[in-house]
Amino acid sequence: MASQQMAIANIERIDIITEEPSPRVFSFDTAKEASAEAQISAGAENELRIKNQILAQNITEDIVKGFNISFTDTTFSPDVFALVDGGESTVHQGGNFARYSAPTAGEVVDRVRCSLAVYSSEKDYDGNSLSFTAFIFPHAFGSPASVTLKDGEFFAPSYTMKSRPSKGSSPMTVLSLPSLPVIVASGEDLPDSPVDGKTVILAAVDDLFGSDSGITSGTYAIYQDSSFVAL
C-alpha cells in the first residue's frame, strides 16, 4: 500500500500556552525558521567476541527524553523574550514596552512550563492550503535567548525551548487540522458561526465545556454535529 504524501511548507503560526493556574497565551505569525532536535539517552552495544567470532550481543536502545525546539522570529516581542529567557518585562502606563531585565546572574531560574505548537500548511498543486499541520511539544521551558544585531538588518531574536514531558507522555504530537485553531480562553472567544468539520479551537483554559468534555488547557477540539469535540 502506497503511503500518503503531504507537501508541507511555511511556518503559519506559533502558539505558546503557559502551564499556569491562569494560563497566558502567546501567538505570533512572524517566525521565519523553526527546528526540533530530539534529545536522547543513547543506548549501547556490548558484544562478546572471541577472536573472529561474535558469540552474543547485549544491546540497549536509544530512549527519547524530549526535544529542543529552536525558532527565529522576525520581530521583537518583549513578552515572548521574557518568557523564554526567564526575566521580567515591564510596560509604561500607556501599555507600551518600557524595560526588560534578564534573570539575575549566577542564580537558578525557575522558568515557566508551556505547551508549544508550530503550524505549517499542506499545499495543493495550485498553491492553496489543503490543511494545517501542528507540531506540538508539551511541558516546554525556555533557555537564555540569543541576541545578534547587524547594521542595516532588522533584529531577529533566536529562541530555544526544551520540551521534557512527564514519564509515559508523548514528547511530540503531530495533528492534521482543517483550519488554524481559534484560541479560546472563555465562552466569549468561541467563533460565532462555527463550520461543521472545519472550525478548530485551541483551549487556553481547563473545562471550557465541563470536565467530561476532555477539552483542557492546551488541547484541540473540532466542531462536529453542533458541538466541539476534543481531538
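Residues numbered from 1 in each chain as written. Predicted model: local features only at pLDDT ≥ 70, side-chain atom pairs only at ≥ 80, totals over all residues. Heavy atoms only, no water.

As a further point, take the sheet that holds strand β13 (residues 182-184). Strand order in the open sheet made by the 4 strands is β13-β14-β15-β16, with mixed pairing throughout. Edge positions in the sheet fall to β13 and β16 (227-230), since each has one partner strand and no second. Direction aside, the axes of adjacent strands within the sheet are offset by 35° on average. The pairing of β13 with strand β14 (residues 200-203) spans 3 bridges and is parallel. Directly across from V182, in β14, lies its bridge partner I201. (Pairing = 2+ DSSP bridges. Helix = DSSP H or I, 4+ residues; strand = E, 2+ residues; numbered from the N terminus. Axes fitted to C-alpha atoms, helices over the stretch in contact; angles between N-to-C directions.)

Counting residues in each nonpolar core, the largest one holds 20 residues, and the members touching the most others are I14, I16, F28, F71, Y159 and M161. Secondary-structure elements contributing two or more residues to this core are β1 (8-18), β2 (25-28), β6 (63-73), α1 (78-85), β9 (114-123), β10 (129-142) and β11 (158-163). Top element by residues in this core is α1. It accounts for 4 residues. Not counting residues within four places of it along the chain, the set of residues in contact with Y159 comprises I69, S70, F71, D73, S77, V80, F81, V84 and A145. Counting residues in each nonpolar core, the second largest holds 11 residues, with Y119, A134, I136 and L202 among its members. (Core = buried A, V, L, I, M, F, W, Y, C linked by side-chain atoms within 4.5 Å. Buried < 20%, exposed > 50% of the residue type's maximum accessible area, 1.4 Å probe, protein only. Contact = heavy atoms within 4.5 Å.)

This paragraph deals with the pairing of β10. As paired elements, β9 and β10 share 9 bridges and run antiparallel to each other. Bridging across to β10, L116 finds its partner in F137. Taken together, the 5 bridges between β10 and strand β12 (residues 173-177) define a ladder with antiparallel strand orientation. Along β12, the bridge assignment pairs T133 with S176. Two elements, β10 and β11, share 3 bridges in a ladder whose sense is antiparallel. The residue bridging A140 from the neighbouring strand is S163, located in β11.

Honestly, that's just the spatial picture; any functional story needs more than this.
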